Amino acid sequence: QLEKITYNINISSSSCCCILRGQMKLLITTVTLLLTIKESAGFTVSTGSTRHSTELFVTRRPFITGNWKLNPQTRDEAVKLAKEISNSVGSQTLNVDVALFVPYVFIEATKEAVDSKIEIGAEGVCPEIQGAFTGAVSAAMLNSIGVKWVLAGHSERRTIFGETDEYINGQCLKLIEEGMAVMLCVGETESEYESNLADAICAVQLKKGLAGIKKEDMDRVAIAYEPVWAIGTGKVATPQVAQKVHASCRRILADMFDQSTADKTRILYGGSVSPESVDELMAQPDIDGALVGGASLSAEKFGRIINFQPVEVHA
């Protein structure tokens, strides 16, 4: 990883030649470093569809993900849908990571169906290791069948199943401890949004959810901003509203860790993302991907979202 370096150079006529030689040496060294950097944890220095940070040389590869929730109803349907979605990832697809979060019982079958084109993740995890926790699935269990990414903190888990910030933090910590990756979901309700509390709610959920996570482990963390009022309602935060909250989340991460870590962390938008809304959303500088619900159950719709074409943003 490259740190942003600031040079303060006082140029005088007598030292001009030395400075020019030094700057040329610096330029050659920088180019050499860039050419030797390998893609890792979603960061790349290649051209194509990358999200450019405010910090020098830092880019974020887009991450398009689907959350199947309690769908579909049979193994055969799950395999068929996974194969159809996998067929959407091809030469026309930009430099994008793709993942599907599916019900536990479909994980192994869908992993086999998509081969390595798409990452198959789990919709949740129990923070306990083992013991008398009927119906629970541990991080170690998921890791043993090749799962890397797991959701934590989705609004439906918070509201319907009563998962607290402390429980969600336990999930994040256990997944990182197990060497896996977590997508932490944060977001406000409609009444909180109307009360101008979106930033405050996201700050609390980020700080509590990521408590105890070291900055060197943040390369295995992604954030999904999902305004609760836009999930499954057909309502979508405008790209400008979503961008504002994403930028706020990045500032919060900078306060929690540092600016470099914040600039490298991918922040996805989740809230009724559709083929019609994805292009303008993905054109925003701080929106690094999408967590898609209903549209991920249609290979045609989700395929279009995977193959988004960001439009030009006018100031």
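First things first, this report covers the structure right here in the doc. Values in this document were obtained by computation on a predicted structure and should not be read as measured data.

**Here we look at the overall build of the protein**
Next up, step 1: Broken down by element type, the protein carries twelve helices and ten strands.
Next up, step 2: Counting over 315 residues, the protein shows a buried share of 49%.
Next up, step 3: Considering only intrachain contacts with a sequence separation of at least 6, the fraction spanning at least 24 residues in the protein is 71%.
Next up, step 4: With the model as given, the accessible surface of the protein reaches about 15,700 Å², and the carbon-plus-sulfur share is 54%.

**Quick look at the pattern of salt bridges**
Pairing between side chains of opposite charge can happen when their charged atoms approach one another.
Next up, step 1: For the structure on display, the rule yields 15 salt bridges.
Next up, step 2: Among the ionic pairs, R60 bridges to D286, the shortest N-O distance being 4.0 Å. Highlighted residues: R60 in strand 2 (residues 59-60) and D286 in the loop between helix 11 (278-282) and strand 10 (289-292), separated in sequence by 226 residues. In this pair, the class of R60 matches that of D286, namely buried.
Next up, step 3: The closest approach of N and O atoms between K69 and E156, which form a salt bridge, is 2.8 Å. Pair noted here: K69 is in the loop between strand 3 (63-67) and helix 2 (75-86) and E156 is in helix 5 (residues 155-159), with a separation of 87 residues, a long-range link.
Next up, step 4: Residue E156 is classed as partly exposed on the basis of its relative accessible area, which comes to 25%.

**Observations concerning the pairing of strand 6 (residues 149-152)**
Next up, step 1: Going residue by residue along strand 6, you find W149 and L151 tucked away on one face and V150 and A152 tucked away on the opposite face as well.
Next up, step 2: The pairing of strand 6 with strand 7 (residues 181-186) spans four bridges and is classified as parallel. Bridge pairing links W149 to A181 in strand 7.

**Here's the deal with the side chain of T93**
Next up, step 1: Structurally, the position occupied by T93 is in the loop between helix 2 and strand 4 (97-102).
Next up, step 2: Within the local environment of T93, its side chain forms a polar contact with the backbone oxygen of S88, the two atoms lying 3.4 Å apart.
Next up, step 3: Beyond its immediate stretch of four places on either side in the chain, T93 contacts S88, I306 and N307.

**Let's talk about helix 3 (residues 107-114)**
Next up, step 1: Those residues of helix 3 not exposed but buried are I107, A109, T110, A113 and V114. Angularly, the buried residues of helix 3 cover 165 degrees about the axis, an arc narrow enough to put them on a single face. Helix 3 presents E108 and E112 as exposed residues on the side facing more than 90 degrees away from its buried surface.
Next up, step 2: As for helix 3, its buried residues are in contact with helix 2, strand 4, strand 5 (119-122) and helix 4 (139-144).
Next up, step 3: Of the residues trailing helix 3, D115 is marked for its positive phi of about 55 degrees.

**Some points on unusual backbone geometry**
Next up, step 1: That bond from N71 to P72 is cis: its omega, -15 degrees, falls within 30 degrees of zero.
Next up, step 2: Within the fold, P72 resides in the loop between strand 3 and helix 2.
Next up, step 3: You will see that D115, though not glycine, has its phi angle at about 55 degrees, which is positive.
Next up, step 4: One can find D115 in the loop between helix 3 and strand 5.
Next up, step 5: Positive phi is not limited to glycine here, since S272 has a value of about 55 degrees.
Next up, step 6: Of the residues examined, S272 reaches a relative accessible area of 24% and is grouped as partly exposed.

**A look at the packing of aromatic side chains**
Next up, step 1: Tallied over the full model, the rule gives three aromatic pairs.
Next up, step 2: Seen from their ring centres, Y193 and W229 are 4.9 Å apart, and the 35 degrees between their planes marks the pair as tilted. Of this pair, Y193 sits in helix 7 (residues 190-194) while W229 sits in the loop between strand 8 (221-225) and helix 9 (239-256); the two residues are 36 residues apart in sequence, bridging distant segments of the chain.
Next up, step 3: Above the ring of F161, the side-chain terminus of R157 is found at 3.8 Å from the ring centroid.

**With respect to the packing of helix 2 against helix 12 (residues 299-306)**
Next up, step 1: Put simply, helix 2 and helix 12 touch, their axes get as near as 9 Å, and they point 35 degrees apart. Handedness of the helix 2/helix 12 crossing: right-handed. On the side of helix 2, the interface is formed by L81, E84 and I85, while helix 12 contributes A299, F302 and I306.
Next up, step 2: For the contact of helix 2 with helix 12, the class distribution of residues is five nonpolar, no polar and one charged.

**Regarding the layout of surface pockets**
Next up, step 1: There is about 670 Å³ of room inside the largest pocket.
Next up, step 2: Taken together, 28 residues line the largest pocket, and the ones lying closest to its centre are Y104, E123, G124, R157 and F161.
Next up, step 3: Secondary-structure elements contributing two or more residues to the lining of the largest pocket are helix 5 and helix 6 (165-177).
Next up, step 4: Across the lining of the largest pocket, the residue classes tally to 14 nonpolar, nine polar and five charged.

**A word on the state of the cysteines**
Next up, step 1: One pass over the structure, following the stated rule, counts zero disulfides.
Next up, step 2: In this structure C185 is a free cysteine whose sulfur lies 9.4 Å from that of C172, the closest cysteine sulfur available.
Next up, step 3: Judged by its relative accessible area of 0%, C185 is buried.
Next up, step 4: Note on C202: no disulfide assigned, nearest cysteine sulfur contributed by C249 at a separation of 4.2 Å.

Quick notes on the rules
- Residues numbered from 1 in each chain as written.
- Predicted model: local features only at pLDDT ≥ 70, side-chain atom pairs only at ≥ 80, totals over all residues.
- Heavy atoms only, no water.
- Helix = DSSP H or I, 4+ residues; strand = E, 2+ residues; numbered from the N terminus.
- Buried < 20%, exposed > 50% of the residue type's maximum accessible area, 1.4 Å probe, protein only.
- Contact = heavy atoms within 4.5 Å.
- Areas by Shrake-Rupley, 256 points an atom, 1.4 Å probe, with all protein chains shown as cover.
- Salt bridge = Lys/Arg side-chain N within 4 Å of Asp/Glu carboxyl O.
- Pairing = 2+ DSSP bridges.
- Polar contact = N/O pair within 3.5 Å; in protein donor to acceptor, adjacent residues only side chain to side chain.
- Arc of directions from axis to C-beta.
- Phe/Tyr/Trp six-rings, centres within 6.5 Å; stacked < 30°, edge-to-face > 60°.
- Lys NZ or Arg CZ within 6 Å of the ring centre and 35° of its normal.
- Axes fitted to C-alpha atoms, helices over the stretch in contact; angles between N-to-C directions.
- Left-handed = near helix turned anticlockwise from the far one by under 90°.
- Nonpolar A, V, L, I, M, F, W, Y, C, P; charged D, E, K, R; others polar.
- 1 Å grid on protein atoms, 1.4 Å probe; cavity = no way out; pocket = protein on both sides within 12 Å on 5 of 7 lines; lining within 4 Å.
- Points joined across faces, edges and corners; volume = space filled by probe spheres on them.
- Disulfide = S-S within 2.5 Å.

None of this, on its own, says anything about what the molecule does.
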